[in-house]
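Below, each chain spelled out in residue letters.
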Amino acid sequence: MDFRKRDNITVDCLIFGLDNNGLNILLYNRTLNLFHEDYPEINDWVLTGRHVFISKTLEESADLIFKEITGQETANRVQFKTYGNPTRLKSEKDLLWIKNQGSKTQTMTVAYYFVLPLAVVTKKNKGFKWFSINSLPNLGFDHEEIIKDAYNDLKMKIMTEPIIFDLLPPKFTLNELQLAFEAVLDVELDNRNFRRKALNNVYIVPLNEKRKSGTSKKPSKLYTFSRDVYDKVKEKEYIIKI
């Protein structure tokens, strides 16, 4: 492997995770203190980004970052935008960070996001923390813009692509599926209407299994998403017409 890096191309990775409290994003605590009155102390939160190795493709670079952060081998990866504005980095803290890292101030960033159930992620570094998508901390660089763009892209894609199922465990209840849509879209859906529409889709396959969840005394029927069936019947339509 060639460990030389492309000094003007980076990959930034966003990781969306879903739990019972809603949609979350995994961020890294960026800290720097040069203990000098002329330089500000840095203590904020950022996405994880790296310069691309010459021997790696963009996709391989994103997968490598994802594995290092989460311990997971694979997940649904979506490339959604490239950022190349020469004035991306403006703040004193960002410029100080870049200078301290020995990097160029003008770089092009290719951004990806991954989606998965929050519970399957094993954080490999204590510097990472989950934040609700609706309650983000102070962010460095232009990462507020990148997160906003990624979230908007996710909200569009879950309506026409089966990415919603990547946020769920392999076996899920219809209530969990509805809550996933509600969490991502920040809406409230009618339960009876949603169930009826969900069951009209042959790729949401009922299982001969049930699971007790929450405060309900009655176990809930489990379902799974069939990629094979979906690939045979998919059309340019909504996943579930909610």
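Higher on the page you've got the structure.
Residues numbered from 1 in each chain as written. Predicted model: local features only at pLDDT ≥ 70, side-chain atom pairs only at ≥ 80, totals over all residues. Heavy atoms only, no water.

Trainee: Help me understand the overall build of the chain, please; the structure alone is not making it clear to me.
Mentor: Within the chain, the secondary structure is distributed over six helices and nine strands. Dimensions of the chain, computed from C-alpha atoms along their principal axes, come out at roughly 65 × 35 × 30 Å. For the chain, buried positions account for 42% of its 242 residues. A sequence separation of at least 24 residues applies to 73% of the contacts in the chain between residues at least 6 apart. Of the roughly 13900 Å² of accessible surface on the chain, 47% is carried by carbon and sulfur atoms. The centroid of the 37 positive side-chain charges in the chain is displaced by 6 Å from the centroid of its 32 negative side-chain charges. (Helix = DSSP H or I, 4+ residues; strand = E, 2+ residues; numbered from the N terminus. Buried < 20%, exposed > 50% of the residue type's maximum accessible area, 1.4 Å probe, protein only. Contact = heavy atoms within 4.5 Å. Areas by Shrake-Rupley, 256 points an atom, 1.4 Å probe, with all protein chains shown as cover. Lys, Arg positive; Asp, Glu negative; His and termini not counted. Charge placed at Lys NZ, Arg CZ, Asp CG, Glu CD.)

Trainee: Would you mind going over helix α3 (residues 143-160) with me for this structure?
Mentor: Because an α-helix packs 3.6 residues into every turn, residues spaced three or four apart end up facing the same way. Helix length check: α3 (18 residues) gives 26 Å between terminal C-alpha atoms against 26 Å at 1.5 Å per residue, within 8%. Every buried residue of α3 is listed here: His143, Ile146, Ile147, Ala150, Tyr151, Asp153, Leu154, Lys157, Ile158 and Met159. Contact partners of the buried residues in α3: β1 (5-19), β2 (22-32), β3 (42-46), β5 (76-83), β6 (108-117) and α4 (174-185). (Expected span 1.5 Å × (residues − 1).)

Trainee: Would you take a moment to explain the pattern of salt bridges for this structure?
Mentor: If charged atoms from side chains of opposite charge come close, those side chains can pair. All told, the structure shown has nine salt bridges when counted by the stated rule. Measuring nitrogen to oxygen at the nearest pair gives 2.4 Å for the salt bridge that ties arginine 50 to glutamate 68. Pair noted here: arginine 50 is in strand β4 (residues 48-53) and glutamate 68 is in helix α1 (residues 58-70), with a separation of 18 residues, a long-range link. Looking at arginine 50, the relative accessible area reads 37%, which means it is partly exposed. For glutamate 68, a relative accessible area of 37% translates into the label partly exposed. The partner of glutamate 176 in a salt bridge is arginine 211, and the shortest N-O contact between them spans 2.5 Å. With glutamate 176 in helix α4 and arginine 211 in strand β8 (residues 204-211), this pair connects stretches of sequence that are 35 residues apart. Residue arginine 211 is classed as partly exposed on the basis of its relative accessible area, which comes to 27%. Overlapping salt bridges bring together Arg30, Asp44 and Asp94 as one network. (Salt bridge = Lys/Arg side-chain N within 4 Å of Asp/Glu carboxyl O.)

Trainee: I would appreciate a short explanation of the packing of aromatic side chains in the present structure.
Mentor: Aromatic ring pairs: the centre-centre distance and the angle between the two ring planes describe each pair. Summed over the entire model, instances satisfying the criterion amount to 11 aromatic pairs. On the basis of an interplanar angle of 5 degrees and a centroid distance of 4.3 Å, the ring pair of phenylalanine 165 and phenylalanine 225 is categorised as stacked. With a gap of 60 residues between them, phenylalanine 165 in the loop between α3 and α4 and phenylalanine 225 in strand β9 (residues 220-225) connect regions that are remote in the sequence. When its relative accessible area of 8% is taken as the criterion, phenylalanine 165 is described as buried. Among the aromatic residues, those joined into a cluster by ring pairs are Phe165, Phe172, Tyr203, Phe225 and Tyr230. Sitting over the face of the ring of tyrosine 151, lysine 155 holds its NZ or CZ atom 4.4 Å from the ring centroid. (Phe/Tyr/Trp six-rings, centres within 6.5 Å; stacked < 30°, edge-to-face > 60°. Lys NZ or Arg CZ within 6 Å of the ring centre and 35° of its normal.)

Trainee: Whenever I open this one, unusual backbone geometry confuses me. Can you help?
Mentor: Leave glycine aside and you will find that most residues have negative phi; peptide bonds, for their part, are mostly trans. Positive phi, close to 50 degrees, is recorded for phenylalanine 35, a residue that is not glycine. You can see phenylalanine 35 is positioned in the loop between β2 and β3. The exposure class of phenylalanine 35 is exposed, given its relative accessible area of 72%.

Trainee: Honestly, the side chain of threonine 10 in this entry has me stumped. Any pointers?
Mentor: Summarising the element assignment, threonine 10 is placed in strand β1. At a separation of 2.7 Å, a polar atom in the side chain of threonine 10 contacts the side chain of threonine 109. Look past the residues within four positions of threonine 10 in its chain and what remains in contact with it is Arg50, His51, Val52, Met108, Thr109 and Val110. (Polar contact = N/O pair within 3.5 Å; in protein donor to acceptor, adjacent residues only side chain to side chain.)

Trainee: What's the story with the packing of α3 against α4 in this structure? I'm lost.
Mentor: Two quantities define a packed helix pair, namely the angle between the axes and the distance from one axis to the other. Contact pair α3 / α4: the axes reach a minimum separation of 10 Å and the direction vectors enclose 145 degrees. Here α3 runs over α4; the crossing is left-handed. Residue-level contacts link Tyr151, Leu154, Lys155, Ile158 and Met159 of α3 to Phe181, Ala183, Val184 and Leu185 of α4. Tallied by class, residues from the contact of α3 with α4 come to eight nonpolar, no polar and one charged. (Axes fitted to C-alpha atoms, helices over the stretch in contact; angles between N-to-C directions. Left-handed = near helix turned anticlockwise from the far one by under 90°. Nonpolar A, V, L, I, M, F, W, Y, C, P; charged D, E, K, R; others polar.)

Trainee: Can you walk me through a positive patch on the surface in this structure?
Mentor: Together, Arg195, Lys210, Lys218 and Lys221 make up a positively charged patch on the protein surface. Tracing the backbone shows arginine 195 in helix α5 (residues 191-199). (Patch = residues over 30% accessible without salt bridge, like charges linked within 9 Å, V, L, I, M, F, W, Y side chains within 5 Å.)

Trainee: Would you explain the environment of asparagine 8 in this entry?
Mentor: By the element assignment, asparagine 8 lies in strand β1. Along the primary structure asparagine 8 and valine 46 are separated by 38 residues, whereas in three dimensions their C-alpha atoms are 19 Å apart. Non-local contacts of asparagine 8, meaning those with residues more than four positions away in its chain, are made with His51, Gln106, Thr107 and Met108.

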